[in-house]
Structure formats: structure tokens, C-alpha cells
Amino acid sequence: MRYGIGQSAVRVEDQRFLTGNGRYLDDITPAGCLHAVMVRSPSAHARIRKIDVTAARDLPGVVAVYTDQDWQAAGLGPVPTRAAITNLDGSPVCIPARWPLARGRVRHVGDGIAFVVASSRAIADDAAQLVTYEMDELPAVIDSVAALSADAPAAVHDEAPDNRSFTWQKGDPAQAEAALAKAAHVAEVRLHNNRIVINPMETRGVLCIYDAEQDFFTVSGSIQNVFMYRQMLAEKVFDVPLERMRVVAYDVGGGFGGKNQVQPEHLLTVFAARELKCPVKWVADRSEGFLTDGQGRDQQTRVRLALDKDHRFTALHVETTVDLGAYVSTNGTGVPTGATTSVMGGPYDIPAVYNIVHGAFTNTVPTDAYRGAGRPEACFLLERVVDVAAAELGVDPMALRRQNFIAPASLPYKASLGHTIDSGDFAALLDRALAQGDVDGFAARAQESRARGKLRGLGVASYLEATLGVPTEYARLEFDASGAVTLAVGTQSNGQSHETTFAQIVSEKLRIDFDQIRFRQSDTDQTPIGHGHGGSRSLQLAGSAILNAADKLVEKAKVHAAELLEAAAEDIDFDNGTFRVVGTDRRVNWPDIAAAALSTARPAAERGLSDEDTYTKDGTAYPNGCHIAEIEIDPATGMLTVERYTALDDFGRIVNPMVVTGQVMGGIMQGVGQAVLEHTVYDPVSGQLLSGSFMDYCMPRASDLPDTDIAFFEDAPTRTSPIGAKGCGEAGTIAGPPAIASAICNALGVTHVDMPYTPEKVWQLIQKG
């Protein structure tokens, strides 16, 4: 029952999930709980002339119907963001106020105009239908490049008459332009990284219980970062001390970045609970998820790669226009800027890299983080232009990559944009991946496909990721009198198997059985700090904090063991869960020590056996790898299938290979989804979301999972943390789309095609020859 680091322990959390014993937000309905429903705009852009909630308020069972007038009367502020960038000239970016209920105008289909609270969800739904309104339609703009043009059909915000939120840059433009001018060859690609609807299995939701006597809020929800939510809600909206608000998340059915955002419904639910002095719960239905969850990607980019006469990369120049949607979301400015440039240049030695980003408002759902959050966008544009350069030069794309990889001897390598890559062996990894994927056998497989009237293509993507997010994390270990230990962490699992993986670290360090480890997370009352998950940060940071806390706890336990064994602490040796006096057979174990430490005979101030650690990482870790996709196309229909998929990833130290394999496989499926199936479509005139349900938006299914071969490269360890992990959560969404794009271009004999590769698009390309 002991599972240490490196073992494929079965996930302990699956027992409750698979038997229906998970505890999700919608399972929790306290006594007297009221239910809320949002009334949403059917228009993408309109001026509000009148809202009438009289009939809704009069419906039996309705407790309150709020509009923006109520928010104004309460004197509360807008939905907060985490903007941390400035314009080129150092001026602040333009972030117009996003009120939780529309003030004067609606700016996208789904914008909230009233918030109904009733004794049941059914009554609240009925009352929402009774809210009437009068609006004057305004022109809508749904394309980011069109929004920034001089003849844009509409200004989404008065504060941004040109629809521009920011223009931001990183790197030296003069250096990059000079290298482009001197280059023997410049490869150029214009591409659109398509917009994604996130669609986690569990929709967004929030519950607030307000204790009027104590003026204390307990907020729970389907969220990713309880400490961030508490700080945003308490300090930036309701102006209450942090200690008067507890935020907790129970089991959460997927997040992928979409639940790392403070949204209008969070503010309104807390507001309603305080006003009504009753618990209030709001849970989105799937249609609301399509219309209001922060969406992902949607970047239009021009990328240029300069090469010298020997085919060495000399400069990378990237200009991107990002669609922010109707408002700046929580992380809306950070994803296309700092997160993207954290890996711009990838695993290649490029002396001059420059990135300029324009942020545009449109009458669409706001965009924010989606699994990978900037790293997939950077990898896609880079791998696409490398393939184009190889095609234009008539050279082997693998050889071109190999020639330009950062050499192991150059590590640690300070990239042009300032980040330092500490470890990796990119050429060796590529060669091993090509062998793993049997690339030498591709010609025979392609011939077999042709014999059946099919087209076959092979594509390769080398990627570099960075573990991002707040660089500090917390862990605490505490024994009870039985010898069981409780692990509390500041990170949060939304399905990433922390309950299993973190327990393996504890079992390895303390040498106690798996079933003696309890797990606590995502509760601001349980840990003093925490920063949730995101950016593949959890194992690098929380894992290291657990290691350190365990080491401290062992040293503390040696003191107790010395007391029990009547020896000096320095003479106590710890091995395999037992504390022994060196050179003797006198020994005690964890239950003995825990019972003594918690004995009531001990003074209360000295009672207990616990320790904690707050760990700040020594540097950013850079997971990397190579993914290879083989696709087959039916020329008669344009139908594309991913036949084989090979992934070789350098994640540093692997704690649980089975869990990591599952993480990679899930990312691959989401990468396949973006590349082949998922397509967010807005009507170009009305701004209506045309792909607003699973009838119109194609999610990947089990039958779409390719034959996958997933392996790990552990030959280039990182020293950026004691645990030695680099992060594994986002590899498939980073490398999958460019590998599939490369494969389809290979099959069709073209240089570039924008995603998604739907049958219609592929068939039309084939017809054009």
C-alpha cells in the first residue's frame, strides 16, 4: 500500500467519481437556498431603452429581480481584471468597465441585463421569461482585424473609439527588422488560430452563504483558484477584509482555464446573498456556457522567419491581432502577451525575436485562458513558419529543426526575449521521437493508403512550454493520534490527480501507507496562501513544498523519537517509516510518535505533530517534446482521420507515469478537437453565435482518439525545483495542432491551411488541386 515517486498508482479519487460519490457544486443546496437565473441579451450590440421587471417580480416564488440600477444604488464596482501590461509608450491599456449587468448598452449576445432570484430554479426560469426590454439595434463587429480598421462598422466602447485596448511589444524591433533585411531567405505565414468554446464537463456555477450576524461570506463554486476569487471579490468588489470571506471549491468537473476567471454571475450571486440574507446559488446551463464562458485563442498573426545562407535562423518577427471579445476578461490581456512570449522562439537558437500584439474589442464573448494559454499559440505560429521555410528552401524539415535547435552545450540559454531555458536535449529528443513514430516506415504506409484511394500525411511539431503562474506555493502535513497524516495544499485539482500524485510524494518521503494519507485542497480556511492551478505549475511548486514540509516533519519527529527512546536527536536515524537509535534495535514508528506528540499529558502549546513549507521556485521550468501526427484523407468527402499519433515529452521527473499519460492523452484530444473538429462561428452581420450548441459545435469523441504512442524523455533533468518536475498538463494542446497542420499540408502538397480542417474545407482544397 505504499506508492512512491515513479510508480503508476491507480487514482484514489476515481473510486468516488465512478461510484457517483463526487461532491460537485450542484450537489450542495443548503436549507433555504434560493436559485438565480440571468436574463441575457439576444442582441450582439444594442442600446437599452427600457427594462421592465414588474411581471417577473410579481410571480409567486420570486424573491428579487436585479438590474444595473440596483448595482448602481449599492455603489459597487465593475467586474475586476488582472491586467498587468502597458502600451508601447508605457501608457495604461484601455479597460472599459464591465458591469455585471449591462449599463446602457449590451455588447455581445448573452450579456446580462437582469438577475432573477427565486425559491426554485424552475420559478426563476419562468420569471426570466417575463422580463421585457426595448433595445435599439446597433452595428456589430465580430472580426478583430476589421474592428481595428478605419472603416470598422462599430465602436464597441466609447472609451475605445478605435476598438483598441492596447498595443504591446516585447523584443527589439530594430534588431529583428535589420536581420530580416539582411536575410538570405524570409519565410512568411499569415494564420488564424481559431476560437474555441471551452466546454468543461461541469458548467460554471457559484453558491454564496452570507452570515449577517458575523458579516461573513462563504463562497463556493466550480472554480479553479479559490484565493484569487477571494481577493478579487473581497478586495476589488465588496470592500471587505479577506478574513471575512471564505472561498472553497469541492470537486470540480474540469476547468481548462475557463474557471480561472471572475465573471458577472459570481459578483451577482454574492450581492444577492448579502441583500437577501439567504443562500443563493447560480449554475449555468450548457447554452449559457456557449454564450458566456470565456472562450479561447482567436489570434490573427503575420509571422516572418529570417534565415541566412546556411539556413540558420537569424530573426523571428511576429505581429498578432488578438480578439479580446466585448470586454477585457480576467486574464484577457496577459494570455496573448506575456504568456505567449514566455516561449516565443521555442527550442530554437534565434538571435533576434520580436513580438507586437494588438488587442481589439469585438461584439463577441470575451476571450481568456484555454489549456496552454498562449503557449499553444506561440508554438503553432513558430512550427508553421519553420515548415514553410523548409518547403520553400527544399530542405528536410527535420534537418532544418535539428540544425537550429539550442545545443545542450549552450544551456542554460538566455533567449532573445529574456527568459532562460535551463535544460533540454532537443535534437536527441527529436531523433528518438522519429524512431518511436517509425517515420522511416511512413512511405510504405502512404503507399498503402494510396492503394485504397486515400491520401496520407505526416507532420512533426517540436515544442517548448513554460510553467507559469504565481511562483510560490504552500503545503502542510499534520498527523493525528492514529498515525494518519493530512496533506493540505494551496494548489487545486480539477481532474489532474493531485490527490493521488501528491500522496505518492508523501508516501515516498514519510514511508507511510497510501490509505493513511488524507487530502485537503481549495479552501481558504485550510491554508494561509495558495494559487490554484494553471500553467502546469502544480507539481513543480506544490510538489516541492510537500518535499520540504516532509523533510522538516521528519526532523521534528526525530526529536519526539529521541524523547521516547531516551536518546539524543542526532543519534536517531529514519528509515522506511521507522525511527531507530543508531547502532541498536531500539525503534519507534509514526503512530508511536504521533500518539506521544498529541498526548494530553503534553502542554497544549507543545501538542501536535505537523510542519509546513512555502516554496518559491528557483526558476521557470521548460517542458518540451516532439509530437508526430499521421492523418488520412478521403478525397471524395474531405473526411480526415488522425490515424497515428506519437508523443515524446520531456516533463522532467515523472511521479506517476499512468497519470501523466492520461494528461497527455487528454491534451492530444483537445488538440485534435481544435485542429479538426471545433469551430466557433459568429454571423458577420448580426453577431449571433451560430455554433451555440453541440448540434453545431463538434466536440471530439472517443471515436476520434487516434492510436497514440506516448513516451517520456527523462535525459535532461531540471534544477529549477527540488522535485525536478517540469510540468505536463498542456503538451497535447500545444504540440497537437501544429503537428496535425503539418500533416495535412504534407498530404495535400500545400504550405499552409488555417484550422479547423473540416471535411468541407479539405474537400474544397482538393478540388482546387
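So, a few notes on the structure that sits alongside this text. Here the structure is a predicted model, which means the values were calculated and not measured.

Helix and strand content of the protein chain: 20 helices and 28 strands. Relative to the compact-globule value of 27 Å for 769 residues, the protein chain shows a C-alpha radius of gyration of 28 Å, a close match. Expressed along its principal axes, the backbone C-alpha trace of the protein chain runs to roughly 85 × 70 × 55 Å. Relative to its 769 residues, the protein chain shows a buried fraction of 58%. Long-range contacts, defined here as pairs at least 24 residues apart, represent 81% of the contacts in the protein chain between residues at least 6 apart. Counting only carbon and sulfur atoms, one obtains 50% of the accessible surface of the protein chain, whose full area is about 28,100 Å².

Okay, the sheet that holds strand E15 (residues 352-361) next. Strand order in the open sheet formed by five strands is E7-E15-E14-E13-E8, and the pairing between neighbours is mixed. Bordering the open sheet on either side are strand E7 (164-171) and strand E8 (185-193), each of which pairs with just one other strand. Across this sheet, the average inter-strand angle for adjacent strands is 10°, counted without regard to direction. Across seven bridges, the pairing between E7 and E15 is antiparallel. Bridged to Lys170 within E15 is Asn355. Contacts from helix H11 (residues 375-393) reach E8, strand E13 (299-307) and strand E14 (313-325) within the one sheet, and its direction differs from that of E8 by about 140°.

Our focus in this paragraph is helix H4 (residues 121-130). Burial in H4 covers these residues: Ala124, Ala127 and Ala128. Considered in projection along H4, the buried side chains sweep an arc of 105° and stay on one side of the axis.

Counting 86 residues, the largest nonpolar core has Leu316, Ile631, Phe651, Ile740, Ile744 and Tyr757 as its most contacted members. Ranked by residues supplied to this core, first place goes to helix H19 (residues 731-748) with 11 residues. Those residues in contact with Leu316, other than ones at most four positions away along the chain, are Val303, Arg304, Leu305, Met344, Gly345, Ile350, Ala352, Val353, Tyr354, Leu382 and Val385. By size, the runner-up hydrophobic cluster in this structure holds 44 residues, among which are Leu477, Ala597, Leu609 and Ala725.

A few words on the sheet that holds strand E19 (residues 472-479). Taken in spatial order, the four strands of this open sheet run E21-E20-E19-E25, and their pairing is mixed. Since the sheet does not close on itself, it has two edges, and those belong to strand E21 (517-520) and strand E25 (610-616), each with one partner. Neighbour to neighbour, the strand axes of the sheet diverge by 15° on average, direction disregarded. Bridging between E19 and E25 involves seven bridges; their strand directions are antiparallel. Directly across from Glu478, in E25, lies its bridge partner Ser610.

Counting through the fold element by element, Thr467 comes out in the loop between strand E18 (455-464) and E19. Apart from the residues lying within four places of it in its own chain, the contact partners of Thr467 are Gly535, Ser536, Gln540, Lys617, Thr620, Ala621, Pro623, Lys726 and Gly727.

Attention now moves to the pattern of salt bridges. Tallying each qualifying case throughout the model produces 50 salt bridges. Residue Asp293 is joined to Arg204 by a salt bridge in which the shortest nitrogen-to-oxygen separation is 2.6 Å. Placement of the pair is Asp293 in the loop between helix H9 (286-292) and E13 and Arg204 in the loop between E8 and strand E9 (205-211), with a sequence separation of 89 residues. Comparing Asp293 with Arg204, the two get one shared label, buried. The residue Arg456 makes a salt bridge to Glu632 at a minimum N-O spacing of 3.5 Å. Here Glu632 lies in strand E26 (residues 624-633) and Arg456 lies in strand E18, a separation of 176 residues in the sequence. Among the charged side chains, a salt-bridge network with shared partners connects Asp438, Arg445, Glu448, Arg452, Arg456, Glu630, Glu632 and Arg644.

The next point concerns helix H8 (residues 264-276). Taking 1.5 Å per residue as the helical rise, H8 with its 13 residues ought to reach 18 Å, and the 18 Å between its terminal C-alpha atoms agrees with that figure. Counting buried residues in H8 gives 10 out of 13 residues, a clear majority hidden from the surface. Among the residues of H8, Pro264, Glu265, His266, Leu267, Leu268, Thr269, Val270, Phe271, Ala272 and Ala273 are the ones counted as buried. One or two positions beyond H8, positive phi appears at Lys277, with a value near 55°.

A few words now on unusual backbone geometry. Omega for the bond connecting Leu411 with Pro412 falls within 30 degrees of zero, at -5°, which places this linkage in the cis form. Checked against the element boundaries, Pro412 lands in the loop between helix H12 (397-404) and strand E16 (413-414). Pro756 follows Met755 through a cis peptide bond whose omega is -5°. Phi is positive for Asp298, which is not a glycine, with a value near 60°. In this structure, Ser536 is a non-glycine residue whose phi angle is positive, near 55°.

Summed over the entire model, instances satisfying the criterion amount to 17 aromatic pairs. Each ring, one from Phe217 and one from Phe238, has its centre 6.2 Å from the other, and the planes form 35°; the classification is tilted. One end of the pair, Phe217, is in strand E10 (residues 216-221); the other, Phe238, is in the loop between helix H7 (226-237) and strand E11 (245-248), and 21 residues separate them in sequence. Phe217 sits in the buried class, given a relative accessible area of 0%. Measuring from ring centre to ring centre gives 4.6 Å for Phe574 and Phe579, while their planes differ by 40°; the resulting arrangement is tilted. The pair formed by Phe574 and Phe579 is uniform in burial state, with each residue classed as buried. Here the aromatic cluster, defined as three or more aromatic residues joined through ring pairs, consists of Tyr66, Trp71, Tyr210, Phe217, Phe238 and Phe271.

With respect to the helices and strands, Asp310 occurs in the loop between E13 and E14. Using a relative accessible area of 46% as the deciding quantity, one classes Asp310 as partly exposed. Asp310 sits 313 residues away from Pro623 along the chain, and the two C-alpha atoms are 29 Å apart.

This paragraph deals with the pairing of strand E12 (residues 280-283). Alternating residues of E12 divide into Val280 and Trp282 and Lys281 and Val283, and every residue in both groups is buried. Pairing analysis gives three bridges linking strand E1 (residues 34-40) to E12, with the strands arranged parallel. Looking at the pairing, Ala36 lines up with Trp282 of E12. Here E9 runs beside E12; their pairing, made up of four bridges, is antiparallel. What sits directly across from Gly205, in E12, is Val283.

Reading guide: rules and limits
Residues numbered from 1 in each chain as written. Predicted model: local features only at pLDDT ≥ 70, side-chain atom pairs only at ≥ 80, totals over all residues. Heavy atoms only, no water. Helix = DSSP H or I, 4+ residues; strand = E, 2+ residues; numbered from the N terminus. Rg over C-alpha atoms; globule rule 2.2 N^0.38 Å. Buried < 20%, exposed > 50% of the residue type's maximum accessible area, 1.4 Å probe, protein only. Contact = heavy atoms within 4.5 Å. Areas by Shrake-Rupley, 256 points an atom, 1.4 Å probe, with all protein chains shown as cover. Pairing = 2+ DSSP bridges. Axes fitted to C-alpha atoms, helices over the stretch in contact; angles between N-to-C directions. Arc of directions from axis to C-beta. Core = buried A, V, L, I, M, F, W, Y, C linked by side-chain atoms within 4.5 Å. Salt bridge = Lys/Arg side-chain N within 4 Å of Asp/Glu carboxyl O. Expected span 1.5 Å × (residues − 1). Phe/Tyr/Trp six-rings, centres within 6.5 Å; stacked < 30°, edge-to-face > 60°.

All we've got here are geometric facts, nothing functional implied.
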